[in-house]
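Structural description and commentary
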Amino acid sequence: MQHNHKGSRSGSGDTVSLTLKVGTDLADLTEQIQQDIGHRAYEIFEQRGYTHGDDLSDWFQAEKEIVQSMHSDVKDNGKQISVRVDISCFDPTSLQVGLYPRRLIIWGKRLATSGRNGDSADPDPKYLLTLSLVDLPTDVDMRNAKAVVNGTEIEVIAEKTPI
């Protein structure tokens, strides 16, 4: 399994450690996400025949298509926050993960789904980006956080920021 990000294999199987995007790298990822949402909003504007006046509706529709709610399990053991997220809908080679003090961001290309006859069931197969946001219950220390992909799940572990 190849990944387009810094990472290292640890142990056997499909477990891969990821480098979390924080600081400037996270700002770059956030900018990329905004640009991609804007690009999709423009495509929606094109599909509506370039009729002006609905730019906010186009933006919200683009966000609705891209932002996905995914099953996540957040645990607090007193010292650390552990977050497990099902990433089975992501193409693992495109996966990028960012961490804010109170939010986890998972960004990448969605795997195309197949229809009954084997064709793509997605409404616009050229645009398959997915964003998942997980709000954390408390601030975490982003500097020493770790992320590991194991099959169709990602786990992020971060120390809680002392109060």
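Note that this is a predicted model, so its numbers are computed, not measured. (Residues numbered from 1 in each chain as written. Predicted model: local features only at pLDDT ≥ 70, side-chain atom pairs only at ≥ 80, totals over all residues. Heavy atoms only, no water.)

**Examining the overall build of the chain**
On a plain count of helices and strands, the chain comes out with two helices and nine strands. Across the chain, helices and strands are ordered from the amino to the carboxyl terminus as β-β-α-α-β-β-β-β-β-β-β. Counting only residues that meet the buried cut, the chain has 36% of its 163 residues in that class. Long-range contacts, defined here as pairs at least 24 residues apart, represent 57% of the contacts in the chain between residues at least 6 apart. (Helix = DSSP H or I, 4+ residues; strand = E, 2+ residues; numbered from the N terminus. Buried < 20%, exposed > 50% of the residue type's maximum accessible area, 1.4 Å probe, protein only. Contact = heavy atoms within 4.5 Å.)

**Structural notes on the side chain of S132**
Assignment of secondary structure puts S132 in strand 7 (residues 129-135). Beyond its immediate sequence surroundings of up to four residues, S132 is in contact with Q68, M70, L104, I105 and I106.

**Some remarks on the nonpolar core**
V85, L95, L104 and I154 are the most contacted members of the largest nonpolar core, which has 23 residues in total. Counting only elements with at least two residues in this core, the list comes to strand 2 (15-18), strand 4 (80-86), strand 5 (96-100), strand 6 (103-109), strand 8 (146-150) and strand 9 (153-159). Within the second largest apolar cluster, 12 residues are counted, among which are L29, I37, I66 and W107. (Core = buried A, V, L, I, M, F, W, Y, C linked by side-chain atoms within 4.5 Å.)

**What about the confidence of the model for the chain?**
Of the residues in the chain, 83% reach a pLDDT of 70 or more, and the chain-wide mean stands at 84. Counting interchain partners and residues more than four positions distant, the pLDDT-below-50 stretch residues 1-12 has 22 contacts. In this model residues 115-123 is a low-confidence stretch, pLDDT under 50, and it forms 14 contacts with partners more than four residues away in sequence or in other chains. (pLDDT = per-residue confidence, 0-100.)

**Concerning the sheet that holds strand 5**
Strand order in this open sheet of three strands is 5-6-7, and the pairing throughout is antiparallel. Since the sheet does not close on itself, it has two edges, and those belong to strand 5 and strand 7, each with one partner. Strand-to-strand twist of the sheet, defined as the mean angle between neighbouring strand axes without regard to direction, takes the value 15°. Here seven bridges tie strand 6 to strand 7, and the two strands are oriented antiparallel to one another. The residue bridging W107 from the neighbouring strand is L131, located in strand 7. Along the sheet face, helix 1 (residues 23-47) touches strand 5, strand 6 and strand 7 and points at about 115° away from the line of strand 5. (Pairing = 2+ DSSP bridges. Axes fitted to C-alpha atoms, helices over the stretch in contact; angles between N-to-C directions.)

**Examining the packing of helix 1 against helix 2 (residues 55-66)**
Remark: helix 1 packs on helix 2, axes separated minimally by 8 Å, with the N-to-C direction vectors making an angle of 120°. Classified by chirality, the crossing of helix 2 by helix 1 is right-handed. Residues Q34, D36, I37, G38, R40, A41, I44 and F45 of helix 1 lie in contact with helix 2, whose contacting residues are D58, W59, Q61, A62, E63, E65 and I66. In terms of residue class, the contact of helix 1 with helix 2 is made up of seven nonpolar, three polar and five charged. (Left-handed = near helix turned anticlockwise from the far one by under 90°. Nonpolar A, V, L, I, M, F, W, Y, C, P; charged D, E, K, R; others polar.)

**Side note on the pairing of strand 8**
Residues of strand 8 alternate between two faces, with A147 and V149 buried on one and K146, V148 and N150 left unburied on the opposite face. Here strand 2 runs beside strand 8; their pairing, made up of four bridges, is antiparallel. Among the inter-strand pairings, L18 is bridged to a residue of strand 8, identified as A147. Pairing between strand 8 and strand 9: five bridges, direction antiparallel. Note that in strand 9 the partner of N150 across the bridge is E153. Between strand 8 and strand 9, which follow one another and run antiparallel, lie two residues, and G151 among them has a positive phi close to 65°.

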